[in-house]
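Each chain is listed here by its residues.
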Amino acid sequence: MIGPAAGTRVWLAAGVTDMRKGMDGLAALVQTTLARNPYEGHVFVFRGRRGDLVKLLWSSGDGMNLYVKRLERGRFVWPQAASGAVYLTGAQLSMLLEGIDWRRPSRTWQPEMVV
């Protein structure tokens, strides 16, 4: 994936989004629902009703980009709020896209002894 520039903020749109929407429809949601400018260079993440599909929308300055990911098993972890947006870091976005619970990441293994 071609990533956004450093310092780009990631906004998760809480609630459920109609996944039939394309770039223009999602950009309109950013403006009306999230009250943000879709062309300011931030990443906006939307999730469908089933929870196994996300769409990322961001403007790179020379055009609008749309990234879609569907998990074959499992669901994307999403906030419980019905509306609004949640700010994520780039690391949390990476975990989200891998299907990891970005709210409570934990190591699965810790070394105990060297000898």
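Cut-offs and rules
- Residues numbered from 1 in each chain as written.
- Predicted model: local features only at pLDDT ≥ 70, side-chain atom pairs only at ≥ 80, totals over all residues.
- Heavy atoms only, no water.
- Helix = DSSP H or I, 4+ residues; strand = E, 2+ residues; numbered from the N terminus.
- Polar contact = N/O pair within 3.5 Å; in protein donor to acceptor, adjacent residues only side chain to side chain.
- Contact = heavy atoms within 4.5 Å.
- Patch = residues over 30% accessible without salt bridge, like charges linked within 9 Å, V, L, I, M, F, W, Y side chains within 5 Å.
- Areas by Shrake-Rupley, 256 points an atom, 1.4 Å probe, with all protein chains shown as cover.
- Salt bridge = Lys/Arg side-chain N within 4 Å of Asp/Glu carboxyl O.
- Buried < 20%, exposed > 50% of the residue type's maximum accessible area, 1.4 Å probe, protein only.
- Pairing = 2+ DSSP bridges.

A. Just the side chain of Asp52, in detail. Secondary-structure assignment places Asp52 in the loop between strand S2 (43–47) and strand S3 (53–59). Engagement of the side chain of Asp52 in a polar contact is seen with the side chain of Arg50, the distance being 3.4 Å. If sequence neighbours within four positions are ignored, Asp52 has contacts with Lys69, Arg70, Leu71, Gly74, Arg75 and Phe76.

B. Just a nonpolar patch on the surface, in detail. Among the surface-exposed residues, Met23, Leu66 and Val68 lie close enough to one another that they form a single nonpolar patch of about 220 Å² accessible area. With respect to the helices, strands and loops of the structure, Val68 is situated in strand S4 (residues 64–70). Relative accessible area serves as the criterion here: at 43%, Val68 is assigned to the partly exposed category.

C. Broad picture of the pairing of S4. Note: S3 against S4, seven bridges, orientation antiparallel. Counterpart to Leu57 in the pairing with S4 is Leu66. Between S3 and the antiparallel strand that follows it, S4, lie four residues; Gly61 among them carries a positive phi value of about 100°.

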